[in-house]
Amino acid sequence: MTTPVRWTRAQSLRHALQVMAAEPSVIPIAGGTDLMVLLALGGLHEGHLLDLWPLGELRGISAAPHETVIGALTTYRELATHPAVAERHPALVQAARLSGAWAIQNRGTLGGNLGNASPAADSSPALLAYGARLELVSVRGARWVDYADFHLGYKRTARAGDELIARIALAVPPVPATHFYRKVGARKAQAISKVCLAGLAPLRDGRLGEVRLALGAVAPTVVLARQTAAYLSGRRPMEIDRLATRALLEGEIAPIDDIRSSAWYRRRVAGHLLGQFLDAIQQG
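Since the structure is predicted, the reported quantities are computational estimates derived from the model, not experimental observations.

This part covers the overall build of the protein chain. Counting its secondary structure elements, the protein chain contains eleven helices and 15 strands. Against the 2.2 N^0.38 benchmark of 19 Å for 284 residues, the protein chain shows a C-alpha radius of gyration of 19 Å, consistent with a compact globule. In terms of principal-axis extent, the alpha carbons of the protein chain reach across some 65 × 45 × 30 Å. The buried share among the 284 residues of the protein chain stands at 50%. A separation of at least 24 residues holds for 61% of the contacts in the protein chain among residues at least 6 apart in sequence. Averaging the locations of the 32 positively and 23 negatively charged side chains of the protein chain gives two centres separated by 4 Å.

In structure tokens, the structure reads:
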């Protein structure tokens, strides 16, 4: 017996937005990597899928003097091999390189990773660390939202039912700065993260500028550790109290026990990754 799943292939961005406006419950898909997991688990029995893969309007990477703009359909592989992204946002490149096998990297998209809203998404901590903004578009127009405000809860986002993620914008970080990304999983590759940490720490006149620190898989959503980052900002690297920093971080995360790991393990690993980030800062 066939499943009552409908499929529409978008002919243009305008066509896609019209479909979304007419049926806000439609499920937009791009590379389909998350869909394949759902199908394998027998979790897709009905619904209307809107295939965005043909939309060239949502592709490409633009490197302006003060900003990098990434189309939502940009794949992990394209991110991992783009010279401007590598130069300006190396933590995002590292995240892209650790997102599954090459087959997934060639199909999986940055916009799809964000829209799926998993707290363990590989790219999310890096984007939070870089202060990303998202452009959401619909037939009603376009609006930009800070990525830090996009996640409202587990698998819940600020995207309305008739909106699509169109572009992701990242400000070019100050120079010099420490860029950090580390993912811990059951194995080095092709594994969902147990804990993921990304950080950005500019250095000016011997003191840290505005530090940004983000973690994945330690709360219902990806976490921007504001208090920990505020404590580090303005300090000299060698004057950082590591115990105080770790205590602040542990107060900002809420890991759980699940099939991939335990809350105790996640909390402990988050502290170790924070230590590695501080090591990187002190080493310059």
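Right, picking up where we left off after that structure.
Here we have three strands laid out as an open sheet, ordered β1-β3-β2, and parallel in their pairing. Taken across any chain shown, the strands that pair with only one partner, and hence form the sheet edges, are β1 (5-9) and β2 (27-29). For this sheet, the mean inter-axis angle between neighbouring strands, taken without regard to orientation, is 25 degrees. Where β1 lies against strand β3 (residues 47-51), five bridges are found, and the strand directions are parallel. If you follow Arg6 over to β3, its bridge partner there is His48. Across the face of the sheet, helix α1 (residues 13-22) comes into contact with β1, β2 and β3 while running at roughly 165 degrees to β3.

When you line up the elements, Asp162 lands in the loop between β9 (156-157) and β10 (164-171). The class of Asp162 is buried, set by a relative accessible area of 13%. Of the polar contacts made by the side chain of Asp162, one reaches the side chain of Arg140; its length is 2.8 Å. Residues in contact with Asp162, not counting those within four places in the same chain, are Leu17, Met20, Ala21, Pro24, Val137, Ser138 and Arg140.

This part covers the nonpolar core. If you look at the biggest cluster of nonpolar residues, it comprises 36 residues, and the most contacted ones within it are Leu92, Leu127, Tyr147 and Ile168. Within the residue set of this core, elements represented by two or more residues are α3 (76-81), α5 (90-97), α7 (110-116), α8 (123-129), β6 (133-138), β10 and β12 (195-204). The element best represented in this core is α5, accounting for five residues. In this structure, Tyr147 is in contact with Leu114, Ser124, Leu127, Leu128, Ala132, Arg133, Leu134 and Val222, ignoring residues within four places of it in sequence. With 26 residues, the next largest nonpolar core counts Val211, Leu213, Leu232 and Leu273 among its residues.

Hydrogen bonds between backbone atoms are what pair the strands of a sheet, whose relative direction is either parallel or antiparallel. Pairing is antiparallel across the open sheet formed by five strands, whose spatial order is β4-β5-β10-β6-β7. Here the strands that pair on one side only, and so sit at the sheet edges, are β4 (61-63) and β7 (141-146). Averaged over all neighbouring strand pairs, the angle between strand axes comes to 20 degrees, with direction disregarded. Packing against the sheet, α1 makes contact with β6 and β10, and its axis sits at approximately 120 degrees to β10.

For the structure on display, the rule yields two aromatic pairs. On the numbers, 6.1 Å between centres and 35 degrees between planes, the contact of Tyr147 with Phe150 is tilted. Phe150 gets classed as buried once you look at its relative accessible area, which sits at 0%. Look at Phe180 and Phe277: their rings are 5.6 Å apart centre to centre, the planes differ by 50 degrees, and that puts the pair in the tilted class. In this pair, Phe180 sits in strand β11 (residues 177-184) while Phe277 sits in helix α11 (residues 263-283), placing the two residues 97 residues apart along the sequence. Each member of the pair, Phe180 as well as Phe277, carries the same accessibility label: buried.

About the cut-offs
Residues numbered from 1 in each chain as written. Predicted model: local features only at pLDDT ≥ 70, side-chain atom pairs only at ≥ 80, totals over all residues. Heavy atoms only, no water. Helix = DSSP H or I, 4+ residues; strand = E, 2+ residues; numbered from the N terminus. Rg over C-alpha atoms; globule rule 2.2 N^0.38 Å. Buried < 20%, exposed > 50% of the residue type's maximum accessible area, 1.4 Å probe, protein only. Contact = heavy atoms within 4.5 Å. Lys, Arg positive; Asp, Glu negative; His and termini not counted. Charge placed at Lys NZ, Arg CZ, Asp CG, Glu CD. Pairing = 2+ DSSP bridges. Axes fitted to C-alpha atoms, helices over the stretch in contact; angles between N-to-C directions. Polar contact = N/O pair within 3.5 Å; in protein donor to acceptor, adjacent residues only side chain to side chain. Core = buried A, V, L, I, M, F, W, Y, C linked by side-chain atoms within 4.5 Å. Phe/Tyr/Trp six-rings, centres within 6.5 Å; stacked < 30°, edge-to-face > 60°.

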